[in-house]
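So the chains spell out like this:
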Amino acid sequence: MPAKLLSARVRVFDTGQGRKTDPVDAHSVAVAGPRSPGLRQVHADDTAVVLRLLVDRRDELGQARTETVSRIHHLLLELVPGGAKKFLTRGQASYLLRTAPEPVGIVAQTRHQLARELIDELTAIDAKIRAADKQLLEFVTAAGSRLTELNGIGPSGAARLLGDVGDIERFPTAAHFASWNGTAPIEASSGDQRRHRLSRAGNRRINRSCTSWPSSSSATTPRAGPTTAAG
């Protein structure tokens, strides 16, 4: 039985309900641990910790880039006749600003100044993202992983999988792993009608990686050619 369920069972038997507080939770773990010799021991994994730290930083940079591009787009809508597309690269934004009509009035001049500053910030963020991806790839490769060789998995996705999953052998079966990351469907049958629904439990970050990878992989995998020669 998973350690989480063991401690929950102790809480119910000890207090009559399953509510969690720090003292009650600590007591339930202390009671369940010595009486469950089959539990897997926890070992510190410095590589997994480092990968989690680096990929969290990479996610922060990605979020900062999205916000910066959105702000640039908002300003360019007021500066460029006909507006600008929503998803811009640094070069595209810079070109639009350079070729925009000369700003007239303090409002337009301020928008122009802010857009120029944000484009400079975007340049710095993009440089940090490239450096972060390079560092993540180095750590993933040093860990002996070949995840990045799969279509749809980049350094960030591979690092997220390695950092959050840790030792894959802690999951006895594929079903245990699917339950942990929330990709195992949950039965929602009623009467004679048998059906399943998506699980909202589990590690949501790994769940997003597992569910987004197949779609991106299918988009980048070349279509298979004919298997036999035409007669």
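What counts as what
- Residues numbered from 1 in each chain as written.
- Predicted model: local features only at pLDDT ≥ 70, side-chain atom pairs only at ≥ 80, totals over all residues.
- Heavy atoms only, no water.
- Core = buried A, V, L, I, M, F, W, Y, C linked by side-chain atoms within 4.5 Å.
- Buried < 20%, exposed > 50% of the residue type's maximum accessible area, 1.4 Å probe, protein only.
- Helix = DSSP H or I, 4+ residues; strand = E, 2+ residues; numbered from the N terminus.
- Contact = heavy atoms within 4.5 Å.
- Arc of directions from axis to C-beta.
- Axes fitted to C-alpha atoms, helices over the stretch in contact; angles between N-to-C directions.
- Parallel < 35°, antiparallel > 145°, perpendicular 65-115°, else oblique.
- Left-handed = near helix turned anticlockwise from the far one by under 90°.
- Nonpolar A, V, L, I, M, F, W, Y, C, P; charged D, E, K, R; others polar.

**Topic: the nonpolar core**
- Formed by 16 residues in total, the largest nonpolar core has its most connected members in I72, L76, V80, L88, A93, L96 and L97.
- At the level of elements, α3 (46–79), α4 (90–99) and α5 (106–142) are the ones that each hand at least two residues to this core.
- For this core, the element with the most residues is α3, which contributes five residues.
- With residues near it in sequence (within four places) discarded, I72 still touches L88, A93, L118, I119 and L122.
- Grouped together as the second largest cluster of nonpolar side chains are nine residues, L54, V55, A158 and A159 included.

**Details of the side chain of H73**
- With respect to the helices, strands and loops of the structure, H73 is situated in helix α3.
- Leaving out residues up to four positions away in the same chain, H73 has contacts with A84, K85, K86 and L88.

**Details of α4**
- All of the buried residues in α4 are A93, S94, L96 and L97. Projected down its long axis, α4 carries its buried residues within an arc of 165°, all on one side.
- Those residues of α4 hidden inside the fold are in contact with α3 and α5.

**Re the packing of α3 against helix α6 (residues 155–165)**
- Their axes nearest at 8 Å, the elements α3 and α6 cross at an angle of 140°. Viewed along their axes, α3 and α6 adopt a mutual orientation that is oblique. Of the two elements, α3 crosses α6, and the hand of that crossing is left-handed. Where α3 approaches α6, its residues A48, L51, R52, V55, D56, R58 and D59 are matched on the opposing element by S156, A159, R160, L162, G163 and D164.
- Grouping the amino acids of the contact of α3 with α6 by side-chain chemistry returns five nonpolar, two polar and six charged.

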